[in-house]
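Results of the structural survey
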Amino acid sequence: MRITCPHCGERDRREFYYRGAAVDLDRPAPDAGAEAWDNFVYLRENPAGVTRELWYHEGGCGAWIVVTRNTVTHEIQGSQLASEVNA
Amino acid sequence: MRFSGFRVLKEGLTGNKGWTPHWRDPEPKSEYDIVIIGGGGHGLSTAYYLAKEHGLTNIAVLEKGYIGGGNIGRNTTIVRANYFLQGNSEFYSHSLKLWEGLEEDLNYNVMHSQRGIINLFHSDGQRDAAARRGNMMISQGDDAILLGRDELREMLPYLNYDDLRFPLYGGLYHPRGGTARHDAVAWGYARGADQRGVDLIQNCEVTGIDIENGVVRGVQTSRGAIRAKKVAMVVAGRSGQVAAMAGMRLPIESHVLQAFVTEGLKPCIDHVVTFGMGHFYISQSDKGGLVFGGDLDFYASYAARGNLPTVESVMEAGMALMPMIGKARVLRSWGGIMDMTPDGSPIIDKTGVEGLYLNCGWNYGGFKAVPGSGNVFAHLIATGRYHENATGLRLDRFRTGRGIIDEEGKGSQHNLH
Amino acid sequence: MRVAGKGLIDRTETVPFVFDGVSYNGFRGDTLASALLANDVRLMGRSFKYHRPRGVLTAGSEEPNALVTVGEGGAQEPNMRATMQEIYPGLAARSQNRWPSLGFDLMGINDLGAPFLGAGFYYKTFMWPKAFWEKVYEPIIRRAAGLGGLSGQDNTDKYESAYAFCDLLVIGAGPAGLMAALVAARAGADVILADENARMGGRLLAETYEVDGKPGHVWADEVLAELRGMDNVRLMTRTTVAGAYDQGTYAALERVLHHTDRRPNGAPLETYWRIVAKRSVLAAGALERPVAFRDNDRPGIMTAGAVRTYLNRWGVSPGRNVTIFGNTDDIHRTARDLLEAGVHVAAVIDSRHDAPLSDDYQVLRGAQVCGSAGRKGLESITVRRASGEEKIHTDCLAMTGGWNPSVHLTCHMNGRPTWQRDIAAFVPRPDAVPGMETAGACNGSFSTDACLREGIAAAEAALDDLGMKAPKTTVPQAEDTPYEIAQLWAVPGKGRAWLDFQNDVTVKDVKQAATENFRSVEHMKRYTTQGMATDQGKNSNVAALAVLADATGRGISETGTTTFRPPYSPMAIAALGAGAEGAGFKPQRFTTSHKAAVARNAPMVEAGLWYRPSYFPQAGETTWRQSCDREVNMVRQAVGICDVSPLGKIDIQGPDAGAFLDFVYTNMFSTLKVGRARYGLMLREDGFVMDDGTTARLGETHYVMTTTTAGAGDVMKHLEFVHQGLRPDLDVSFTSVTEQWAQFAVAGPKSRELLNDLLDMQLDDESWPFMACGPVSVLGVAGRLFRISFSGEHAYEIAVPARYGASLYDILTKRAEVLGGGLYGMEALGVLRIEKGFITHSEIHGRTTAYDIGMGRMVSQKKDCIGKTMSQREGLEEPGRERLVGLKPIGESKQLLAGAHLYKEEAEPVRTNDQGYLTSVGYSPTLETMLGLGFLADGPDRYGEVVKMVDHLRGVTTLCEVVNPVFFDPDGGRVRG
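Now for a quick tour of the structure.

Let's talk about the packing of aromatic side chains
- A complete count under the given rule lists 45 aromatic pairs over all chains for this structure.
- One residue, lysine 124 of chain C, lies across the ring of tryptophan 19 of chain B, its end atom 3.4 Å from the ring centre.

Written as structure tokens, this is what we have:
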């Protein structure tokens, strides 16, 4: 598997660490309530198809990136720096 | 038909002409008391125990492909009860007891082989953790023995005791752990459920769940609508998609776990051995193939196949631990779709919809749970009450923080369990 | 027998080899199979279940019968295909799965029991008596099963793994693959051409075709010569591309040295390649399928293609009196090749009623072979015609049921092949593997002309994708014979007709499975074990599928297929896991004091990837406890030195560093004064404790954080995530400096005295109070000093750039010894921290909250932080949670054990009464008792209560008093003094 880092280009999957769905970027306000926090920390859309997810270029430039990927075919459609999502 | 050595002999002498179908292929009826979505191990055993222990037989098991085609057909066949947290401990203990009578119960040889499981440890700290686990197992009524390095060497002389990167300190031995023939478990339950009147409907995909005013009414399928008083979702690997039909979002992320089998070899590994530091476990099937696996590929996937980095890390762990298997050749690799939950433990519960039940989140440990899961789920569906050995597998534990069962201590990141 | 004038082997070099203890001669270039056939050895193996005598069926890696063991001891290789194993002087191979010998195998008795050993028989019996499965039945089954054996010794051969990258990977070097590689190479693309055989050319080496007017193998050699001369081409023989993975990644296995007894120093036996290819062309050819008829498994019965291969490639006729049976024109080609070589052809049995006739040999049209005879090798066949049955004497039957395109790699990414009726075979679905083109026979195009054309077209398509221009290529002249096949899977009749030769699956078994309602192809496979042998159904799956389709009244495409999964042919674990044996498994991290500690005989223990000294034995000490007790006393009474460098160190800089730390720690850091350090607690977002450590503020915009050794990597990822993902607005950056600084604890009442000798300044309580930190000069070297303590003593940690670590350690050791102190290791460190109730990952094991470890008040109410909201969930703060306590033995037993559980004194020690467990224990020489830390339900509310510690595993029960976890110096006077 090869993943494209916006900084470094296409690199081997071994250089990356996978975290999970990009919902992790949508941190609710502290007082958003139990449901919002349950949604953020635990519940997942978990689609069989295209999803956005967080990878860390641990063995490379250290960027957290949001990868758009298909969970059925493993096709990678694009990637973006996480720092740009909440910028 | 009752199976026995005598029957095999009789059929052999008369040309094997008398064998009959293991199960029927009935047309779906328009209505059942209970519809079980999913004809995998857990769905089939749920149907079996509903019929056997609760006398409920107006049941359909709906399977979109062939029965036993999910993770029960693609695992590494390990059966054990060596958990250390309340919630898990009593549940898996219950399941193991059911395994121990399964062949007689089902009149089907699932080849349950209690050859013993050894979890290796490599430091004082890991020994302490193993001791905590073993003490819980014994206090639950199961068996555990703490092996020192010398005892370990006597049992498993082929491990690398010389220069293993993480030296062997010993192992936690679970004599009643072992393996079983995975497909046979599905077939045995299917046959048992069918014999008791349960309709097993293959090639029948559920496309919708009918809910009126918060009460389940039935399901839509590729073979028409089926009404039901109760509906049970037992579709690990596809839990999110099916639950979404009922408007639910689950604490599950799907991951791929690969496993491997080698060409057949004469007996060389008599136990199940797990090497936690290398995320590696191995046993030898009765056919002679070494069956082994390791960690997840770690990315979300429904592809039921993995990639090379995990393949390599598994093989590397094998070579580190037991260099004698180097000459064994990997014959086949495959992947299963794992329902990974945020604490690594399963969910067996009611839902917010009356009459709709949920069984999911087996992570990579669902095979050994098949008897227990069906048994306690049947109890819940039939009585509306939690089975005494399954009070902790609640869906709401994440929202409330009450009774989270995190054996790995890795927290809410799904793939770390 | 060897045939004069045929074959592409070097007859000038005779190669002696041994099979089952008998010496034979072959020629250079022979495989074990071709050499044995040349010596008229037909019996080469035994089947898996019935132990039937078997000879070679094929001439390739798909061979199911002729599996042998090669080598001895740690180099023993079971299950080597005789068809792939090249001979070399001294090769010693032996048959397997037989006892006592291949010719006389007692397990052959199974064959007589066959009526009772049919599909799935074992699911129906062996259930009584219950205890017999593990003790009697299973051991017998296990011993009877299996093929070859491992030696039980550690592998002694060298294996390697490697990466390769290319524009185009061409898989298979037959006519299609050669053409594809040639076109792409001429266009300038980086090309890898891989073929599993020792010699490239594919069927061109095995047939008598001409290409461009030359013998096919000559044409192939010319193409290879051109390719070999190009810098942008890598030719990989003996290399099986075994798996297709995501984004153009392929797994391949190169058998580097199996064909020779020469083991050049350092060269691997096999190399596992990971090939990343922008595009690929699959030109893997096709595999011939046998026909099922009664007793079609006798030695001497093989595929027609294999007969031609042995004849044309190796100059060997597998028989002297050959019969040929099948349903395509290939049988006539086989006859012509044999006749031309002077081999007698007894009859050609063509199942087609309109089969061509010949003047040179007898053709039986519309006939079928319905049986065979011969105990350990074929002696005759029975042919059924409209006119009746006829027995024909023969020592070799060449059979064909048609060809199966090698679609395997196109299935590795879940692509399902499609049924193509006119060739009665499955062909690849287009785009089944992204970036892969298919060409030639693997695509269902069987003529040489079609292979050449498709090879060119595939290369052109790939070049187009790569943005490269394809050169104009003329298609070489070659045969374009139409492929005409009449479906022929199983000849009806009594008796057993084999489908899966190795696993002994017969037509009857598949039919019985269908009767028992194993009608899904996956069910049939799993119930009968059809296709689960070492060939993974390459020889048998399609025929078995056809039999199942027939038995269930369905078409073949409707019946579906099972899935081919990697690897294409089996790969050694040693190759896939190359380099990991022993210490090579994971990196080893060493501190700068490692050598000094080893020199002092300290046993080194693993701490994550690091090695740390356990204790430092001194003369007269015979147990680790004596050393540990001494070291603890030394720290409490004088001064001890300990290398703490493995703790994670993260340099944090930027104007918003303080604000950032406030967000990742539960407590405040923006308010920390420059020159001060503070203990910090970090939560995961789910509210549980993630890590802890002290963080020092070295400047307004500069902090240095310490983490636990185990947590260093995770914390670094976490900080980067929180910054980049959640708070990119904050101006802060992180650098791991764990290995840049050597850091030593100097602990004990004489620690200041020791340091004052080394530093360019004098420490005192006013300038360096507890938790002070700052730059210092250590014997002229710029370093950092932190007055922090993990022992509860007056203590410091001193850090210098790692290159000074070894010498500073040496100096600290010597000075400490002068002051009555010295080195202490992990054991003493553990006792010191337990005495003080300090936690490690034994306590913050991922399931505990700040509340559980008595630090609930460290979660600041003034601000938000990671994990705060979730840590306040109702279920995490209610009564009954297990919380940190200290435990002291008070009864007769004085023993405490980590991992033991806690119960009320009178309670039965069973799960339902479980109250908690011990996490850390140690003997305190200071307090002269064992001490334990543990978690107990509502523990802090139960100080003074007596609870029972039970360790079932080790048979220990100890009554304990529940106490505050800070056993020693509870008001902290020593650390400040």
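We are not done yet, so read on.
What about the interface of chain A and chain B?
- Between chain A and chain B, the residue contacts involve 26 residues of the former and 30 residues of the latter.
- Buried surface at the junction of chain A and chain B, summed over both partners, amounts to about 2,400 Å²; 48% is from carbon and sulfur atoms.
- When the area that chain A buries against chain B is broken down by residue, the three leading residues are Tyr18, Tyr42 and Asn46 of chain A, summing to 27%.
- Counting across the chain A and chain B interface gives 2 salt bridges.
- With a closest N to O distance of 2.6 Å, glutamate 312 of chain B and arginine 14 of chain A form a salt bridge.
- The interface formed by chain A and chain B includes 20 residue pairs in polar contact (both at pLDDT 80 or more).
- Elements represented by at least two residues in the side of chain A that touches chain B include exactly strand S3 (17–21), helix H1 (34–41) and strand S4 (50–56) of chain A.
- Residue contributions to the side of chain A that touches chain B peak at 5 residues, all from S3 of chain A.
- The residue inventory of the side of chain A that touches chain B, partitioned by class, reads 12 nonpolar, 6 polar and 8 charged.

As for the pattern of salt bridges
- By the definition in use, this model includes 95 salt bridges over all chains.
- For the salt bridge of arginine 127 of chain B with aspartate 124 of chain B, the shortest nitrogen-to-oxygen distance reads 3.0 Å. Of this pair, arginine 127 of chain B and aspartate 124 of chain B both sit in helix H5 (residues 124–139), 3 residues apart, which is roughly one turn of the helix.
- Here the salt bridges do not stand alone but share partners, grouping Arg52, Arg54, Asp111, Arg294, Asp295, Asp297, Arg298, Arg496 and Asp504 of chain C into one network.

Details of the interface of chain B and chain C
- Between chain B and chain C, the residue contacts involve 122 residues of the former and 122 residues of the latter.
- At the boundary of chain B with chain C, total buried surface from both sides reaches about 10,000 Å², with 54% on carbon and sulfur atoms.
- Considering only the side of chain B, the residues that lose the most area to chain C are Arg165, Lys327 and Arg329 of chain B, jointly responsible for 9% of the buried surface there.
- Our count for the contact surface shared by chain B and chain C stands at 12 salt bridges.
- In this assembly, chain B and chain C are joined by 73 residue pairs in polar contact (both at pLDDT 80 or more).
- Looking at the side of chain B that touches chain C, the element that brings in the most residues is H5 of chain B, giving 11 residues.

Some details on the sheet that holds strand S35 (residues 648–653) of chain C
All names here are of chain C.
- With antiparallel pairing, the 5 strands of this open sheet are ordered in space as S36-S37-S38-S35-S39. With partners counted over all chains shown, the strands left at the sheet margins are strand S36 (676–683) and strand S39 (733–736), one partner each. Within the sheet, the average angular offset between the axes of one strand and its neighbour, ignoring direction, is 25°.
- Sheet analysis places S35 next to S39, joined by 4 bridges and oriented antiparallel. By the bridge assignment for S39, glutamine 653 is matched with serine 733.

Each value, and the rule that gives it
Residues numbered from 1 in each chain as written. Chains lettered and ligands numbered in written order. Predicted model: local features only at pLDDT ≥ 70, side-chain atom pairs only at ≥ 80, totals over all residues. Heavy atoms only, no water. Phe/Tyr/Trp six-rings, centres within 6.5 Å; stacked < 30°, edge-to-face > 60°. Lys NZ or Arg CZ within 6 Å of the ring centre and 35° of its normal. Contact = heavy atoms within 4.5 Å. Buried area = accessible area lost by both parts, 1.4 Å probe. Salt bridge = Lys/Arg side-chain N within 4 Å of Asp/Glu carboxyl O. Polar contact = N/O pair within 3.5 Å; in protein donor to acceptor, adjacent residues only side chain to side chain. Helix = DSSP H or I, 4+ residues; strand = E, 2+ residues; numbered from the N terminus. Nonpolar A, V, L, I, M, F, W, Y, C, P; charged D, E, K, R; others polar. Pairing = 2+ DSSP bridges. Axes fitted to C-alpha atoms, helices over the stretch in contact; angles between N-to-C directions.

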